[in-house]
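Structure assessment
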Amino acid sequence: GEFPEDKIVSAARLLLNDEELPKDLFTGKTVLIGLSAQGTFDVAATPLAPESLGPLVQAQAVGSILRGGWLIRRTWAEPAEWAVAAILAFLALAAAMLGKWYGYLLAGIFLAVPVASWLAFTNAATLFDPARPLLVGSGAVAGVAMGLFALARRERERVRDDLVQERISTAETQGELQAARPIQLGMVPPPSRLQGIDPRVDLDALLEPARSVGGDYYD
């Protein structure tokens, strides 16, 4: 954690006999004396900062020893981690097959696991590692997502094949209709034949289907 600033006393203030320092500042206390500054050897990296002063890290270790503040790894912790991991994996599958409500429950547990781990750490000095259930759950979610993607891709390919077959069938039908068009139009006698029926009458005929082929007969 963050080391309290009021617990750090500069050696220069002691050597210069700073009057602002209480005379009983170190009475009954454990004091660590160390040389630590930028460029010196006693600088360590911690989860809070890339560079922390070594005596401060050692002071926190001494404080944990004196107050018995050890982090406890209880016997039920590992089975509980695996149980939560199994629940997350099951909910990932259930969300894919049974609906979005299971997805909401899955997201809630994903958020609750690190919060519960932090509360156990801060309030009960108990180590419940959230990495295992979160990694297993994330792997299950990724696997389900990949499976759904593969199914969706297969379905798209099937629909695409059906569409191609439909287009081929439509093209064949259109080709047959286009071939039938000149046959039907050839049933209409040309004006030269109609004029030979009776010289006193001018006759003509027109057959124009709305599409390729019409359903009308010429008489």
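Right above here is the structure, for reference.
Just so it is clear, the model here is predicted, and its values are computed rather than measured.

Criteria and cut-off values
- Residues numbered from 1 in each chain as written.
- Predicted model: local features only at pLDDT ≥ 70, side-chain atom pairs only at ≥ 80, totals over all residues.
- Heavy atoms only, no water.
- Helix = DSSP H or I, 4+ residues; strand = E, 2+ residues; numbered from the N terminus.
- Core = buried A, V, L, I, M, F, W, Y, C linked by side-chain atoms within 4.5 Å.
- Buried < 20%, exposed > 50% of the residue type's maximum accessible area, 1.4 Å probe, protein only.
- Axes fitted to C-alpha atoms, helices over the stretch in contact; angles between N-to-C directions.
- Parallel < 35°, antiparallel > 145°, perpendicular 65-115°, else oblique.
- Left-handed = near helix turned anticlockwise from the far one by under 90°.
- Contact = heavy atoms within 4.5 Å.
- Nonpolar A, V, L, I, M, F, W, Y, C, P; charged D, E, K, R; others polar.
- Expected span 1.5 Å × (residues − 1).
- Salt bridge = Lys/Arg side-chain N within 4 Å of Asp/Glu carboxyl O.
- Patch = residues over 30% accessible without salt bridge, like charges linked within 9 Å, V, L, I, M, F, W, Y side chains within 5 Å.
- Areas by Shrake-Rupley, 256 points an atom, 1.4 Å probe, with all protein chains shown as cover.

1. So, the environment of Met97
For Met97, the location among the structural elements is in helix H3 (residues 77–98). Through-space distance from the C-alpha of Met97 to that of Glu81 is 25 Å; in sequence the pair is 16 residues apart.

2. Details of the nonpolar core
Listed in full, the nine residues of the largest apolar core are Val84, Leu88, Leu91, Ala92, Leu106, Val113, Phe128, Ala140 and Val144. Broken down by secondary-structure element, the contributors of at least two residues to this core are H3, helix H4 (100–124) and helix H5 (131–185). Looking at this core element by element, the count peaks at four residues for H3.

3. Thoughts on the packing of H3 against H5
As a packed pair, H3 and H5 sit with axes 8 Å apart at the nearest point and diverge in direction by 20°. Looking at the two axes, H3 sits roughly parallel to H5. Note that H3 runs across H5; the crossing there is right-handed. Note on element contacts: H5 touches H3 through Arg132, Pro133, Leu134, Val136, Gly137, Ala140, Val141, Val144 and Leu148, opposite Glu78, Glu81, Trp82, Val84, Ala85, Leu88, Ala89, Ala92, Leu93 and Ala96. Considering only residue class, the contact of H3 with H5 consists of 15 nonpolar, one polar and three charged.

4. What about H4?
Compared with the 36 Å implied by 1.5 Å per residue over 25 residues, the 35 Å span of H4 between its first and last C-alpha is a close match. By the burial criterion, the buried members of H4 are Leu106, Val113, Ser117 and Ala120. Just past H4, the residue Ala125 takes up positive phi, approximately 50°.

5. Considerations on the pattern of salt bridges
In the structure shown here, the tally under the stated rule is six salt bridges. Residue Arg132 is joined to Glu81 by a salt bridge in which the shortest nitrogen-to-oxygen separation is 2.4 Å. In this pair, Arg132 is assigned in helix H5 and Glu81 in helix H3, connecting sequence segments 51 residues apart. Between Arg158 and Glu155 there is a salt bridge whose closest N-O contact spans 2.4 Å. With Arg158 and Glu155 both in helix H5 and three residues apart, this pair spans about one turn of that helix. Residue Arg158 is classed as partly exposed on the basis of its relative accessible area, which comes to 42%. Residues participating in the shared-partner salt-bridge network are Arg73, Glu81 and Arg132.

6. Some details on the side chain of Glu81
By relative accessible area, Glu81 is classed as buried at 0%. Excluding residues within four positions of it along the chain, Glu81 makes contact with Arg73, Phe128, Asp129, Arg132 and Pro133.

7. Focus on a nonpolar patch on the surface
A cluster of nonpolar side chains, contributed by Leu71, Val115, Trp118, Leu119, Phe121 and Leu127, occupies part of the molecular surface with about 580 Å² of accessible area. Tracing the sequence through the fold places Phe121 in helix H4.

8. Considerations on the environment of Ala112
Inspection of the secondary structure puts Ala112 in helix H4. Overall, Ala112 belongs to the partly exposed group, its relative accessible area being 40%. In the structure, Ala112 is positioned 18 residues away from Pro130 in sequence and 9.8 Å away in space, judged by C-alpha atoms.

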